Amino acid sequence: MIKKVLINEGITRIGAVCFSNVYYLEEIIIADTVTSIGQYCFANTRLKSVKFPSNLKNIEEGAFSNCNYLTAVIISPTITSINYKEEVYGASRNVKVFGDKNSYAEVYAKENELEFVEYITSIELLDIEIDNKLSYKYNGYEIKPTLKVTNDVYVLQENIQY
């Protein structure tokens, strides 16, 4: 059962129905060289999110139709237009489009009648203390983890455990 697919650099098109009905497919990583996603390419999969590659120019009909678990589409600020046919998402209407404010991502969301969410890549924390009320025991001692940031800028990055 295929759960994750990596489309390598150098690939420019993902063909029609290529991963259609690969029901357990949850994650796709698409190289920035991909410019086109074919008809019904990911239809009827369990994709949860997809980040459109920065060179994407075309999404064909039904590419993500019936992806009932799909909740997030991330559009790079370098994308300025995408040609797409109607019903890219089919019945999958729970999709939110993440991107920069006043970018093509916001236009794309509006054109597809999808919710737009401004994508924040970093947060500046000043004089804030976060206290976790949960505790755990280590060598017999009760520990309550805290995070304290004072007068410094600390950028939280994706896929890093803190």
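Coordinates for the structure precede this section.
Residues numbered from 1 in each chain as written. Predicted model: local features only at pLDDT ≥ 70, side-chain atom pairs only at ≥ 80, totals over all residues. Heavy atoms only, no water.

1. Quick look at the overall build of the protein chain
Stage number 1. Helices and strands together make up the secondary structure of the protein chain, namely one helix and 14 strands.
Stage number 2. Sorting the 162 residues of the protein chain into buried and exposed places 34% on the buried side.
Stage number 3. Sequence-distant contacts, at least 24 apart, represent 33% of the contacts inside the protein chain between residues at least 6 apart. (Helix = DSSP H or I, 4+ residues; strand = E, 2+ residues; numbered from the N terminus. Buried < 20%, exposed > 50% of the residue type's maximum accessible area, 1.4 Å probe, protein only. Contact = heavy atoms within 4.5 Å.)

2. A closer look at the side chain of Thr-45
Stage number 1. Looking at where Thr-45 falls in the secondary structure, it is placed in the loop between β4 (36-37) and β5 (49-52).
Stage number 2. There is a polar contact of 2.9 Å between the side chain of Thr-45 and the backbone oxygen of Phe-42.
Stage number 3. Once residues within four sequence positions are removed from consideration, Thr-45 is found in contact with Phe-19, Val-22, Tyr-23, Leu-25, Asn-66, Cys-67 and Asn-68. (Polar contact = N/O pair within 3.5 Å; in protein donor to acceptor, adjacent residues only side chain to side chain.)

3. Some remarks on the pairing of strand β1 (residues 4-7)
Stage number 1. Here β1 shows one buried face, formed by Val-5 and Ile-7, and one open face, formed by Lys-4 and Leu-6.
Stage number 2. As paired strands, β1 and strand β3 (residues 27-30) are joined by four bridges and run parallel to one another. Following the sheet pairing, Leu-6 is matched in β3 by Ile-29. (Pairing = 2+ DSSP bridges.)

4. Focus: unusual backbone geometry
Stage number 1. Backbone geometry places Tyr-40, a non-glycine residue, at a positive phi of 50 degrees.
Stage number 2. You can see Tyr-40 is positioned in the loop between β4 and β5.
Stage number 3. Relative accessible area serves as the criterion here: at 31%, Tyr-40 is assigned to the partly exposed category.
Stage number 4. Phi is positive for Asn-66, close to 60 degrees, though the residue is something other than glycine.
Stage number 5. You can see Asn-66 is positioned in the loop between β6 (58-59) and β7 (72-75).

5. Quick notes on the pattern of salt bridges
Stage number 1. Summed over the entire model, instances satisfying the criterion amount to three salt bridges.
Stage number 2. Glu-26 is the partner of Lys-48 in a salt bridge, and the nearest nitrogen-oxygen pair spans 3.9 Å. Linking Lys-48 in the loop between β4 and β5 with Glu-26 in the loop between β2 (13-14) and β3, this pair joins segments that are 22 residues apart in sequence.
Stage number 3. The shortest N-O distance in the salt bridge between Glu-106 and Lys-101 comes to 3.6 Å. (Salt bridge = Lys/Arg side-chain N within 4 Å of Asp/Glu carboxyl O.)

6. Focus: the nonpolar core
Stage number 1. Membership of the largest hydrophobic core comes to 33 residues, with the highest contact counts inside it found for Phe-42, Phe-52, Phe-64, Tyr-89 and Tyr-108.
Stage number 2. Broken down by secondary-structure element, the contributors of at least two residues to this core are β1, β3, β5, β7 and α1 (104-111).
Stage number 3. Examining the composition of this core, we find that four residues originate from one element, α1, more than from any other.
Stage number 4. With residues near it in sequence (within four places) discarded, Tyr-89 still touches Phe-52, Phe-64, Ser-65, Asn-66, Leu-70, Val-73, Val-95, Tyr-108 and Leu-114. (Core = buried A, V, L, I, M, F, W, Y, C linked by side-chain atoms within 4.5 Å.)

7. What to know about the packing of aromatic side chains
One pair of aromatic rings is described through two measures. These are the centre distance and the angle between the planes.
Stage number 1. Under the counting rule described, the total for this entry stands at six aromatic pairs.
Stage number 2. When the centroid spacing of 5.6 Å and the interplanar angle of 0 degrees are considered together, the rings of Phe-19 and Phe-42 count as stacked. Highlighted residues: Phe-19 in the loop between β2 and β3 and Phe-42 in the loop between β4 and β5, separated in sequence by 23 residues.
Stage number 3. Phe-19 gets classed as buried once you look at its relative accessible area, which sits at 14%.
Stage number 4. On the basis of relative accessibility, which here comes to 0%, the residue Phe-42 falls in the buried class.
Stage number 5. A ring pair is formed by Phe-52 and Tyr-108, whose centres lie 6.1 Å apart and whose planes are at 90 degrees; its orientation type is edge-to-face. Separated by 56 residues along the polypeptide, Phe-52 in strand β5 and Tyr-108 in helix α1 bring together distant segments of the chain.
Stage number 6. The buried category is assigned to Phe-52, whose relative accessible area is 1%.
Stage number 7. Among the aromatic side chains, those forming a connected cluster through ring pairs are Phe-19, Phe-42, Phe-52, Phe-64, Tyr-104 and Tyr-108. (Phe/Tyr/Trp six-rings, centres within 6.5 Å; stacked < 30°, edge-to-face > 60°.)

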